[in-house]
Every structure is written in C-alpha cells, then in structure tokens.
Amino acid sequence: GKDVTLTNGVITGTATSQNGAGVSLSGGSNYTVSGATVSGTSANGAGISVNGTLEVGNNASLRGTSTGTGSGVNIDGDLASTGGAIITGTASSGDGVQISGNLKASGGDFNIIGASGTGNGVTVSGDDTTVDNVNVTGITETGSGVSIAGNLTSKGDSAITGTASNGGKGVDLSGNVTS
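First, a word on scope: everything that follows refers to the structure included in this document. (Residues numbered from 1 in each chain as written. Predicted model: local features only at pLDDT ≥ 70, side-chain atom pairs only at ≥ 80, totals over all residues. Heavy atoms only, no water.)

To continue, consider the overall build of the chain. Within the chain, the secondary structure is distributed over 0 helices and 20 strands. Relative to the globule expectation of 16 Å for 179 residues, the C-alpha radius of gyration of the chain, 15 Å, shows essentially globular dimensions. Viewed in the frame of its principal axes, the chain has a C-alpha envelope of about 45 × 40 × 25 Å. The buried share of the chain, taken over its 179 residues, is 47%. Across the chain, contacts joining residues at least 24 apart in sequence account for 71% of those joining residues at least 6 apart. Surface summary for the chain: the accessible area is close to 7500 Å², and the carbon and sulfur share equals 43%. Seen as two clouds, the 5 positive and the 12 negative side-chain charges of the chain have centres 3 Å apart. (Helix = DSSP H or I, 4+ residues; strand = E, 2+ residues; numbered from the N terminus. Rg over C-alpha atoms; globule rule 2.2 N^0.38 Å. Buried < 20%, exposed > 50% of the residue type's maximum accessible area, 1.4 Å probe, protein only. Contact = heavy atoms within 4.5 Å. Areas by Shrake-Rupley, 256 points an atom, 1.4 Å probe, with all protein chains shown as cover. Lys, Arg positive; Asp, Glu negative; His and termini not counted. Charge placed at Lys NZ, Arg CZ, Asp CG, Glu CD.)

See below:
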C-alpha cells in the first residue's frame, strides 16, 4: 500500500483457505499502523503477513495466530517503530514469529514475542537481518525458543531471549550474529 494510515482502530481477519494469511499488511511508502490493533488467524498460512516497508507506533499491537503449520506472524521487509509497539505470534507447530526483514525502534519499547508448541518461538531466516533497539523473545516446548538460521546484526539495546520448556533448545544458532 501507499499513503495508508490506520490510527486507533481494530482490524481482524481470518483466512478461509488453508494457506492464506489472516491479515496481509503489504507496505509500500507511507504505510503506518498507529495505536491500532491488528489480529489475524490462519490454519497453515500466516496469521499476519508483513511485507515491504511498514511503520508501527503509538503502542500499536499486531497479533497473529496459526492453528496448524503456518507462522503466527511473518515479517518479510522493513518494519520501524516510533512510540512503541508489540508484535505477538502464536503457532501450534509452525513458527510463532518468522523474521527475514529489518526491525528498528526509535522511541518506546518495540517487542517481538513468538510462541509455538512444537515449532520455533521465533525464527530469524533472512540473509542479512538487522534488529535495532528491539526485544525479541521466543518460547517453545520442543522446538527452539529462538532459531537464528540467517545472518543477524544486533544494534543498540536489542535483546534476543529464547526459552524451551520440554526438551527443546533455548537458542539455536546456525547463522552468524554480529553486534
């Protein structure tokens, strides 16, 4: 989208096909979610799919859920936060949150939280992903709390935390991490 602003509203979407996204936010230029709540649910697709360039702020909340093998939230693009935001993804057997784009915060807390039963809480899979002043938390039972499979650059006060409760790995590092 171009010149799209969602302020203090609520968007809820549910995918009716097995692999569709509950809500797709495809940013172009001047695409902003400010103080709004966006919720999406899918079975084997992403609950929320974020592509392109998107700005979230003023305590915006994105909540995605996948009841099957899909990701709760899939971030593939550049996502910036001003004034705080939280992105929460929950999946049954897919990744809670899948990140292959860049995340940057300037002002306010920017939290990414992913949870999965048997998948990874958060997977970082981009070739060159950067998190800048972003808190990334992944929780799983038998997968990895956080799986870093690509190249990750951590800047500012970023924190990466992974927890596994039933035989999984807290953090699985098979990519490169620099700060």
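By size, the foremost hydrophobic cluster in this structure holds 32 residues, and its most contacted members are V33, F110 and I112. Broken down by element, the residue count for this core peaks at 4 residues, all from strand β6 (residues 48-57). Other than its neighbours up to four places away in sequence, I112 contacts I75, I87, V97, I99, L103, V134, N135, V136 and T137. (Core = buried A, V, L, I, M, F, W, Y, C linked by side-chain atoms within 4.5 Å.)

Bridge count between strand β2 (residues 10-14) and strand β5 (residues 37-42): 5 bridges; the pairing is parallel. Considered in β5, the bridge of I11 is made with V38. Pairing geometry for β5 and strand β7 (residues 60-66), over 6 bridges, is parallel. Paired with V38 across the strands is L62, a residue of β7. (Pairing = 2+ DSSP bridges.)

The strands making up a sheet associate through backbone hydrogen bonding, with each pair oriented either parallel or antiparallel. What the 7 strands build is an open sheet, ordered β2-β5-β7-β9-β12-β15-β18; its pairing is parallel. Across the chains shown, the open sheet's two edge strands, defined by having one partner strand only, are β2 and β18 (159-164). Strand-to-strand twist in this sheet, taken as the mean axis angle between neighbours without regard to direction, amounts to 5°. In the sheet, strand β12 (residues 110-116) pairs with strand β15 (residues 135-140) via 6 bridges, with the strands oriented parallel. Looking at the pairing, N111 lines up with N135 of β15. (Axes fitted to C-alpha atoms, helices over the stretch in contact; angles between N-to-C directions.)

Let's shift gears to the environment of G168. Looking at where G168 falls in the secondary structure, it is placed in the loop between β18 and β19 (169-173). Relative accessible area serves as the criterion here: at 24%, G168 is assigned to the partly exposed category. Put simply, G168 and I139 are 29 residues apart on the chain and 9.7 Å apart in space, counted from C-alpha to C-alpha. Setting aside anything within four residues of it in sequence, one finds G168 in contact with E141, T142 and G143.

Turning our attention to the side chain of S154. The residue S154 is located in strand β17 (residues 152-155) in this model. Overall, the relative accessible area of 15% leaves S154 in the buried class. Excluding residues that lie within four positions of it along the chain, S154 makes contacts with V131, T178 and S179.

Judged by side-chain polarity, V171, L173 and V177 come together as a nonpolar surface patch covering roughly 250 Å² of accessible area. Relative to the helices and strands, V171 resides in strand β19. Given the relative accessible area of 42%, V171 is considered partly exposed. (Patch = residues over 30% accessible without salt bridge, like charges linked within 9 Å, V, L, I, M, F, W, Y side chains within 5 Å. Salt bridge = Lys/Arg side-chain N within 4 Å of Asp/Glu carboxyl O.)

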